[in-house]
Amino acid sequence: MKRHKTSSLCSLLLAVICWLSAVGCSSDTPKDASSVDEYPQIYPDYIGVTVPVDIAPLNFSMLSDSIALMDVEVKGSKGGSLHANGEYADFDIGEWHRLLTANRGDSLTVTVCARQDGRWTRYRDFTLYVSPDSIGAWGITYRRIAPGYQLFGSMGLYQRRLSTFEESALIENSQLTETCLNCHTANRTNPDQYVFHARVDHGGTVISRQGRIEVLQSKNDSLGGAMVYPYWHPGGRYCAFSTNKTSQMFHLSGPKRIEVYDSSSDVFVYDTETRTILKDTLIMKRLWAENTPAFSPDGCWLYFTTARRQIYPTDYDKEKYSLCRVSFDAATGCIGQKVDTLISAYRIGKSVTWPRPSYDGRYLMYTQVDYGYFSVWHPEADLWLLDLQTGETRPLDEVNTERAESFHNWSANSRWFLFTSRRDDGLYTRVYFSSIDEEGRATKPFLLPQRNPKDYYRQSLDSYNTPDFTSRPVDTNADELRRRLESEERTKTRM
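Residues numbered from 1 in each chain as written. Predicted model: local features only at pLDDT ≥ 70, side-chain atom pairs only at ≥ 80, totals over all residues. Heavy atoms only, no water.

1. Focus: the sheet that holds strand β33 (residues 446-447)
Part 1 of the reasoning: If you walk across this open sheet you meet the 4 strands as β30-β31-β32-β33, and the pairing is antiparallel. For this open sheet the edge positions go to β30 (405-410) and β33, each flanked by a neighbour on one side alone.
Part 2 of the reasoning: Where strand β32 (residues 430-435) and β33 come together, 2 bridges link them in antiparallel fashion. Note that in β33 the partner of Tyr-432 across the bridge is Leu-447. (Pairing = 2+ DSSP bridges. Helix = DSSP H or I, 4+ residues; strand = E, 2+ residues; numbered from the N terminus.)

What follows is the structure, encoded as C-alpha cells:
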C-alpha cells in the first residue's frame, strides 16, 4: 500500500515538473509574436556592418533595459544558421566561425524577437555582410587607462585575440611604483619588434628587437624632452620619434574639457644598431613644432606634421599643423634636403595629426581638428583619407560622428583599419573596425566585440588608447620588464 502511494506521488511530481518545464520553455520562445516594420534597437549597433570571418561573435543586447529576453536566429545566404536565446544574444564561438566561413563574401540575415510585458515582438530582419577579406591578424594591442587628467592611476598595456574574447596583460603599472606606461608600438603588426615608453619614477624607452630588450635613457639635454610617438621604419633598423615638452590646461565651459599642447617638439630618427639619435635641422626647426612621425611603407619617406610655434597657453587655438614629408635613405640613415608640404594648414584653416600610411602605399589616413594635435579630446576630430596616387583628400563620412574619432591604424593587408571613438557617451574612447575597398570607400564601423557587451562597456572605467593590430601574440615577460625598468641600468644614446 505504501509502495503504491509512493509510486503515485512520484508520478504526480514528475508530471508537475514536466508541465512546469513545458510552460517555462514555451514562455522563453516567441509565441504569437506581433511583427513591426522597424529594426530592433540593439547595443552595440551591428545592423548592416561588414565583418571579417576571423572576428569574435557579434553578441548584442536590446538597448532598452526593460526588455529582459531575446530570441535571435542568424541564417547564412549560402547556408547554415545559429540560434541564441536569453538576456542577450550569446552565440557559440565555434558555430559562429563556421557560419561566417561558409558565407564568406556574402551575407547573414538576423531575425530578432524580444519579449516585453509578457508579449513577444518580431522586428524587421537586418543584414550582416561577411567580407571576402580576412582581417589578417591574430589580435590587437592597446593601452587601457581611466580618462583622467592629472593622475594616471591604474593602467596597462594589453593584447586581445580577435577571434575570441580572450585578453591578457603585457604589463600593468600596478607591477611598478609610480609609473605611467605609454602606448605599445609594433613594426607593421610584428610582435617581435616593439617599443613603449615609461614615465615618472622609472622612466625609460623599452625597445624589443630580434629577441633583445633594451631600456634606453630616453631623455637628455640635447633632446630637450622624452622619446614619444614612435613609428618604425619597415626595415626594422630605424625608429622615428618625436621629442615633446607636453603640458595641459582645462576649459571652464563648453564641450571641450582639456587641451594638451607642446611648448616644444621635434622629430628625429633613432638607429637601433649604433644606438645613435640622428638629428637634422629640416625636422628640428627652432621656431616650429614637428610632431607625429611615420615612415612610408617602402621606407623612402618620413611623414610628419609641423606647426608654427605659438605663445602658450594664450594662443593655443592658433596652432595648426600641416602634413609634410621628407625623403629618407636607409642605407646612410640620412634625411633628404627638401621638405614637401602635402596638406597646408594655412590653406585649409585646420590642423592635421596622426598620419598613418596604408601598408600597400595607396592611402594615408589622418585626423583633422580645428587646432592642435591631441585630437582625442576634440569632439570635432574626424578621420580623413589622402589618396597618395592622386593627391585627393576627403573626410571619411562613412565612419565619422559628431564626437572624436582618432588613434587609427591599418591591418597588414591594408583592407581593414581600426580607430578609437567617443561616440558612445562622449567620455570613453573605444575601439571600432571598418573595412576599406580599392576605391577608398569604408564600411559602417563595428565596436570591438565582448561576451556581454552592454554589461562590459557599462562597467568598464577605462578608455582604449592607440590600438594596433598584431599578427601573433606578443611574447613578453612582465617580471623581466619590471626588473629592467626598476633597475638603474639604462642604455645610453649618442647624437
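Back to the text.
2. Things to note about the packing of aromatic side chains
Part 1 of the reasoning: The tally for this structure, following the rule as stated, stands at 23 aromatic pairs.
Part 2 of the reasoning: Both rings, one in Tyr-229 and one in Tyr-373, keep their centres 5.9 Å apart while their planes meet at 75°; by these two values the pair is edge-to-face. Taken together, the positions of Tyr-229 in strand β18 (residues 226-232) and Tyr-373 in the loop between β27 (363-369) and β28 (382-387) put the pair 144 residues apart, joining distant regions of the chain.
Part 3 of the reasoning: For Tyr-373, a relative accessible area of 1% gives the class buried.
Part 4 of the reasoning: Ring geometry for Phe-419 against Tyr-432: centres 6.0 Å apart, planes inclined by 20°, an arrangement best described as stacked. With Phe-419 in strand β31 (residues 416-421) and Tyr-432 in strand β32, the pair connects residues that are 13 residues apart, well separated along the chain.
Part 5 of the reasoning: One aromatic cluster is present, formed by Tyr-229, Tyr-321, Trp-354, Tyr-373, Phe-374 and Phe-407 through successive ring pairs.
Part 6 of the reasoning: Geometry around Trp-301 places Arg-325 over its ring, the cationic atom sitting 3.7 Å from the centre. (Phe/Tyr/Trp six-rings, centres within 6.5 Å; stacked < 30°, edge-to-face > 60°. Buried < 20%, exposed > 50% of the residue type's maximum accessible area, 1.4 Å probe, protein only. Lys NZ or Arg CZ within 6 Å of the ring centre and 35° of its normal.)

3. Some words on a positive patch on the surface
Part 1 of the reasoning: Together, Lys-245, Arg-286, Arg-308 and Arg-309 line one region of the surface with positive charge.
Part 2 of the reasoning: You can see Arg-308 is positioned in strand β23 (residues 301-308). (Patch = residues over 30% accessible without salt bridge, like charges linked within 9 Å, V, L, I, M, F, W, Y side chains within 5 Å. Areas by Shrake-Rupley, 256 points an atom, 1.4 Å probe, with all protein chains shown as cover. Salt bridge = Lys/Arg side-chain N within 4 Å of Asp/Glu carboxyl O. Lys, Arg positive; Asp, Glu negative; His and termini not counted. Charge placed at Lys NZ, Arg CZ, Asp CG, Glu CD.)

4. Quick look at the side chain of Thr-189
Part 1 of the reasoning: Inspection of the secondary structure puts Thr-189 in the loop between β14 (185-187) and β15 (190-200).
Part 2 of the reasoning: The buried category is assigned to Thr-189, whose relative accessible area is 4%.
Part 3 of the reasoning: Apart from residues lying up to four places away in sequence, Thr-189 is in contact with Tyr-359, Trp-410, Ala-412, Phe-469, Thr-470 and Ser-471. (Contact = heavy atoms within 4.5 Å.)

5. Considerations on the pairing of strand β22 (residues 288-295)
Part 1 of the reasoning: For β22, the tally of buried residues reaches 7 of 8 residues, placing the bulk of the element in the interior.
Part 2 of the reasoning: In terms of strand pairing, β22 meets β23 through 6 bridges, oriented antiparallel. Across the sheet, the residue bridging to Ala-294 is Tyr-303, located in β23.

6. Thoughts on the pattern of salt bridges
Part 1 of the reasoning: Within this structure, the stated rule accounts for 23 salt bridges.
Part 2 of the reasoning: The salt bridge involving Glu-167 is made with Arg-144; its shortest N-O contact spans 2.7 Å. In this pair, Glu-167 is assigned in strand β12 (residues 167-172) and Arg-144 in strand β10 (residues 139-145), connecting sequence segments 23 residues apart.
Part 3 of the reasoning: What makes Glu-167 partly exposed here is its relative accessible area of 33%.
Part 4 of the reasoning: Given a relative accessible area of 14%, Arg-144 falls into the buried group.

7. Considering the sheet that holds strand β11 (residues 155-161)
Sheets are built from strands that pair by backbone hydrogen bonding, the pairs being arranged parallel or antiparallel.
Part 1 of the reasoning: What the 4 strands build is an open sheet, ordered β12-β11-β10-β34; its pairing is antiparallel. Edge positions in the sheet fall to β12 and β34 (463-470), since each has one partner strand and no second. Across this sheet, the average inter-strand angle for adjacent strands is 25°, counted without regard to direction. (Axes fitted to C-alpha atoms, helices over the stretch in contact; angles between N-to-C directions.)

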